[in-house]
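# Descriptive analysis of the structure
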Amino acid sequence: MKNWFGDRLRVTIFGASHASEVGVLIEGLPAGLYLGSELFDADLERRRPKGVGTTPRREDDSPIIEGLDAESLTTGAPLRISFRNTNTRSGDYSHLVNHPRPSHADLVQRRKYGAEYDLAGGGMASGRMTVALVAAGVVAKQLLRDVRFETHIVSIGGVTDESRFDEVIAAAQRDGDSVGGVVECRVRGLKPSLGEPFFDSVESIVAHLLFSVPAVKGVEFGDGFASAAKRGSERNDSIVDAEGHTLTNNEGGINGGISNGNDVVVRVAIKPTPSIAREQYTYNFEHDAVEALTIGGRHDACIVRRGAVVVEAMVALALAELKLRD
């Protein structure tokens, strides 16, 4: 199983939804970087389940940080950050071995890794793993001190009015259903000249990490798919000064795979949570027939709010890797 990313900043994720712990091992950090536990509080809080339509599963999510000196500074050695799993109910998933959930990874994980693979909580494909991604993002942002991240939810369930988000999520939950949404991350202050043409472009590295997040199904930069309906004269970004700032930013801060000094703008489509309470019909391998399935467990009716900080973390990790390469 390949569970690592990075050339200069190597990040290895470990654990599973119902394992004793989840976490990340980060290699390639320079010595002398302060990483006190309080730096993680704000982003971990953004990911915690709270509000309408979130899972009743509650974990403490206090990071256990290993590899720092007595003053919480990196030493150049690998950094290990882990989180305990203490609130698990693995019995809710036993029937999914033969009756895998629609649009989930139950079937493909067992086919790839063998019948002994533990599906409890979704295994490594679970959203539980994103707590480790958020921790990695906090570390990455300490390498990008001159950069500012602005992340917000564009829509939930197709609705763009933020005042209606609770209503949309609550309606789906009442129906035993779920909704997805779109998150935008804007990066201000990123230096120009990061990235390479083609295989190591800014878009390539950022999209690679974003598509590693469970439930992400689409990524676009700048005006993205809307650009396909425009003429070049409508969307070309005119350069207005010697620093390369542009009148518009339809390219999303990237030209030819290289950051141009304008805001990097990326939007991410997050699908509806596939684990829903509503009865579904799907194939049962034990009975060789399509049968009704009711999913137990504790699940979010909408993961978009909790997912926004995960999107930001992965953008930060990609840019930190590119900065170290530069």
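Given the structure is predicted, the values throughout are model-derived calculations rather than measurements.

## Observations concerning the overall build of the chain
When you go through the chain residue by residue, the secondary structure sums to seven helices and 13 strands. Taken over the C-alpha trace, the chain has a radius of gyration of 21 Å; the compact-globule value for 326 residues is 20 Å, and the two agree within 12%. Expressed along its principal axes, the backbone C-alpha trace of the chain runs to roughly 70 × 55 × 35 Å. A buried classification covers 49% of the 326 residues belonging to the chain. Sequence-distant contacts in the chain: of pairs separated by 6 or more residues, those separated by 24 or more amount to 71%. Accessible surface for the chain amounts to roughly 15,300 Å². Of this, 50% is attributable to carbon and sulfur atoms. In the chain, which carries 37 positive and 45 negative side-chain charges, the distance between the mean positions of the two groups comes to 2 Å.

## Notes on the sheet that holds strand β1 (residues 4–5)
To summarise the sheet geometry, strands pair through backbone hydrogen bonds and adopt either a parallel or an antiparallel arrangement. Taken together, the five strands give an open sheet; going across it, the order is β1-β2-β3-β5-β4, and neighbouring strands pair in antiparallel fashion. Pairing within the sheet leaves two strands with one partner each, and these edge strands are β1 and β4 (64–66). As paired elements, β1 and strand β2 (residues 10–15) share two bridges and run antiparallel to each other. By the bridge assignment, Trp4 is partnered in β2 with Thr12.

## Quick look at helix α3 (residues 130–142)
One turn of an α-helix holds 3.6 residues; hence residues three or four places apart share an orientation. Compared with an ideal rise of 1.5 Å per residue, which puts 13 residues at 18 Å, α3 spans 19 Å between its outermost C-alpha atoms and is within 8% of the ideal. Counting buried residues in α3 gives 13 out of 13 residues, a clear majority hidden from the surface.

## Here we look at the pairing of strand β12 (residues 280–284)
Inspection of the sheet shows β12 paired to strand β13 (residues 289–293) by five bridges, in the antiparallel sense. Among the inter-strand pairings, Tyr281 is bridged to a residue of β13, identified as Ala292. Taking the residues between adjacent antiparallel strands as the criterion, β12 and β13 are bridged by four residues, where Asp288 takes a positive phi near 55°.

## Overview of the sheet that holds strand β6 (residues 148–156)
Reading across from one edge, β6-β7-β11-β8 is the order of the four strands in this open sheet, with antiparallel pairing throughout. What marks the edges here is a single partner per strand, and that holds for β6 and β8 (216–221). In this sheet, neighbouring strand axes are inclined to one another by 20° on average, regardless of whether the strands run parallel or antiparallel. When β6 meets strand β7 (residues 181–188), the two strands line up antiparallel, connected through eight bridges. If you follow Ile156 over to β7, its bridge partner there is Gly181. Relative to the sheet, helix α7 (residues 304–325) contacts β6, β7 and β11 (264–270), its axis offset from that of β6 by approximately 140°.

## Let's talk about the packing of helix α5 (residues 202–210) against α7
The contact between α5 and α7 brings their axes to 9 Å, and the two run at 140°. When the axes of α5 and α7 are compared, the pair comes out oblique. By crossing handedness, the relation of α5 to α7 is classed as right-handed. Contacts from Val202, Ile205, Val206, Leu209 and Leu210 in α5 reach Val311, Met314, Val315, Leu317, Ala318, Leu319, Leu322 and Arg325 in α7. Here the residues of the contact of α5 with α7 sort into twelve nonpolar, no polar and one charged.

## Considerations on the environment of Leu293
Examined against the element boundaries, Leu293 turns out to sit in strand β13. Sequence spacing of Leu293 and Asn249 is 44 residues, and the spatial spacing of their C-alpha atoms is 47 Å. Other than its neighbours up to four places away in sequence, Leu293 contacts His95, Leu96, His99, Pro100, Arg101, Pro102, Arg278, Glu279, Gln280 and Thr282.

## What about a nonpolar patch on the surface?
A cluster of nonpolar side chains, Tyr281, Tyr283, Phe285 and Val290, forms an exposed patch at the surface whose accessible area comes to about 420 Å². Considering the arrangement of structural elements, one finds Tyr283 in strand β12. For Tyr283, a relative accessible area of 31% translates into the label partly exposed.

## With respect to the packing of α3 against α7
Closest axis-to-axis distance for the α3/α7 pair is 8 Å, and the angle between their directions is 45°. The angle between the axes of α3 and α7 places the two elements in the oblique class. Read as a crossing pair, α3 and α7 show a hand that is left-handed. Residues Thr130, Leu133, Val134, Gly137, Ala140 and Lys141 of α3 lie in contact with α7, whose contacting residues are Val309, Val310, Glu312, Ala313, Met314, Ala316, Leu317 and Ala320. Taken together, the residues of the contact of α3 with α7 break down into ten nonpolar, two polar and two charged.

Cut-offs and rules
Residues numbered from 1 in each chain as written. Predicted model: local features only at pLDDT ≥ 70, side-chain atom pairs only at ≥ 80, totals over all residues. Heavy atoms only, no water. Helix = DSSP H or I, 4+ residues; strand = E, 2+ residues; numbered from the N terminus. Rg over C-alpha atoms; globule rule 2.2 N^0.38 Å. Buried < 20%, exposed > 50% of the residue type's maximum accessible area, 1.4 Å probe, protein only. Contact = heavy atoms within 4.5 Å. Areas by Shrake-Rupley, 256 points an atom, 1.4 Å probe, with all protein chains shown as cover. Lys, Arg positive; Asp, Glu negative; His and termini not counted. Charge placed at Lys NZ, Arg CZ, Asp CG, Glu CD. Pairing = 2+ DSSP bridges. Expected span 1.5 Å × (residues − 1). Axes fitted to C-alpha atoms, helices over the stretch in contact; angles between N-to-C directions. Parallel < 35°, antiparallel > 145°, perpendicular 65-115°, else oblique. Left-handed = near helix turned anticlockwise from the far one by under 90°. Nonpolar A, V, L, I, M, F, W, Y, C, P; charged D, E, K, R; others polar. Patch = residues over 30% accessible without salt bridge, like charges linked within 9 Å, V, L, I, M, F, W, Y side chains within 5 Å. Salt bridge = Lys/Arg side-chain N within 4 Å of Asp/Glu carboxyl O.

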